[in-house]
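The primary structure of each chain is shown beneath.
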Amino acid sequence: QMCIRDRYQRRVHGGLARLVDINDVKNTEGFVFDHGFPIEGIDIFPNGNTFVTVGGQLTKIWDVRNSSEPVVTLANNQKTVTSVRVLQTGDRFITGSLDKQLKVFDVKNMDVIHQQELTEGVMSFDITPKLTHLAIGLADGTINIG
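Criteria and thresholds
- Residues numbered from 1 in each chain as written.
- Predicted model: local features only at pLDDT ≥ 70, side-chain atom pairs only at ≥ 80, totals over all residues.
- Heavy atoms only, no water.
- Pairing = 2+ DSSP bridges.
- Helix = DSSP H or I, 4+ residues; strand = E, 2+ residues; numbered from the N terminus.
- Axes fitted to C-alpha atoms, helices over the stretch in contact; angles between N-to-C directions.
- Core = buried A, V, L, I, M, F, W, Y, C linked by side-chain atoms within 4.5 Å.
- Buried < 20%, exposed > 50% of the residue type's maximum accessible area, 1.4 Å probe, protein only.
- Contact = heavy atoms within 4.5 Å.
- Polar contact = N/O pair within 3.5 Å; in protein donor to acceptor, adjacent residues only side chain to side chain.

Draft legend 1. Broad picture of the sheet that holds strand 14 (residues 143–145). Reading across the sheet, the three strands line up as 12-13-14 and stay open at both edges, with antiparallel pairing between neighbours. Looking along the sheet, the strands with just one partner apiece sit at the ends: strand 12 (122–127) and strand 14. Taken over all neighbouring pairs, the strand axes of this sheet differ in orientation by 15° on average, direction set aside.

Draft legend 2. Local environment of the nonpolar core. Counting residues in each nonpolar core, the largest one holds 11 residues, listed as F45, V52, V54, I61, L74, V81, V84, V86, F93, F105 and M110. Going through the elements one at a time, strand 5 (50–55) and strand 8 (81–86) are the ones with two or more residues in this core. Here this core gets three residues from one element, more than from any other, and that element is strand 8. Beyond its immediate chain neighbours, meaning those up to four positions away, F105 contacts L74, N76, D91, R92, F93, T95, M110, D111, V112 and I113.

Draft legend 3. Broad picture of the side chain of D43. Here D43 shows up in strand 4 (residues 41–44). A distance of 2.7 Å separates the side chain of D43 from the backbone nitrogen of V86, its partner in a polar contact.

Draft legend 4. A look at the sheet that holds strand 11 (residues 111–117). If you trace the four strands from one edge of the open sheet to the other, you get 8-9-10-11, paired in antiparallel fashion. Edge strands, defined here as strands with exactly one partner in the open sheet, are strand 8 and strand 11. With direction set aside, neighbouring strand axes in the sheet form an average angle of 20°. Looking at chain direction, strand 9 (residues 92–97) and strand 10 (residues 101–106) are connected through five bridges and run antiparallel. Note on strand 10: the bridge partner recorded for F93 is F105.

Draft legend 5. Structural context of the pairing of strand 10. Strand 10 sits mainly inside the fold: six of its six residues count as buried. The alternating pattern of strand 10 places Q101, K103 and F105 and L102, V104 and D106 on opposite faces, both of which are buried. The turn joining strand 9 and strand 10, which pair antiparallel and follow one another in sequence, is formed by three residues; a positive phi near 70° is taken by K100. The sheet contact formed by strand 10 and strand 11 spans six bridges and is antiparallel. Across the sheet, residue K103 finds its bridge partner in strand 11, namely Q115. Linking strand 10 to strand 11, which pair antiparallel, is a turn of four residues; within it M110 sits at a positive phi near 60°.

Draft legend 6. Local environment of unusual backbone geometry. The phi angle at K100 is positive, at roughly 70°, despite the residue not being glycine. Within the fold, K100 resides in the loop between strand 9 and strand 10. A relative accessible area of 32% means that K100 is categorised as partly exposed. Positive phi outside glycine occurs at L131, with the angle close to 60°. L131 gets classed as partly exposed once you look at its relative accessible area, which sits at 42%.

Function cannot be read off these values alone, since they describe shape.
As C-alpha cells, then:
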C-alpha cells in the first residue's frame, strides 16, 4: 500500500496546498486544500492519510481523502506559525512561530504537551530522525542547535 508520502507530490502556493498523484496523468491539478492563510509549512504523517499545514496563527490537520474541510484547526499562537514537523512515530508534531514559541502537540487529543519560549521568533526548525538534535533558525539570523 502506497502512502501519500510516497505517492503524492506536495505543492504550496499562497494559502493552497495541492497534493498531486504522481501516478495519475489525467488529474494534473491534484487535490486542493485551502488553509485560508499563506502556508508557511507542511508535513505528512507516517500513516499516509493525514498531513498538517501551518500559516497565519493556525495549524490545520487534513485527511487526504476529504479536502473540503480540515479534520482539526488549532489556534494556539499569537503570531504566524512558520514551520511544522511530524515526528516519525506519528504521535506528535512540533510547530514553531514568530511568537518565539516551539510547541509539541500530542496527536491523540491535540493538546500542547510541551512548549519552549525562545529569544526570537522561529523562522524554521528541523529535528533529527532519532530525535536527538534540534536545529532552530531564529528571526535575528542565529541558529540554535541542541
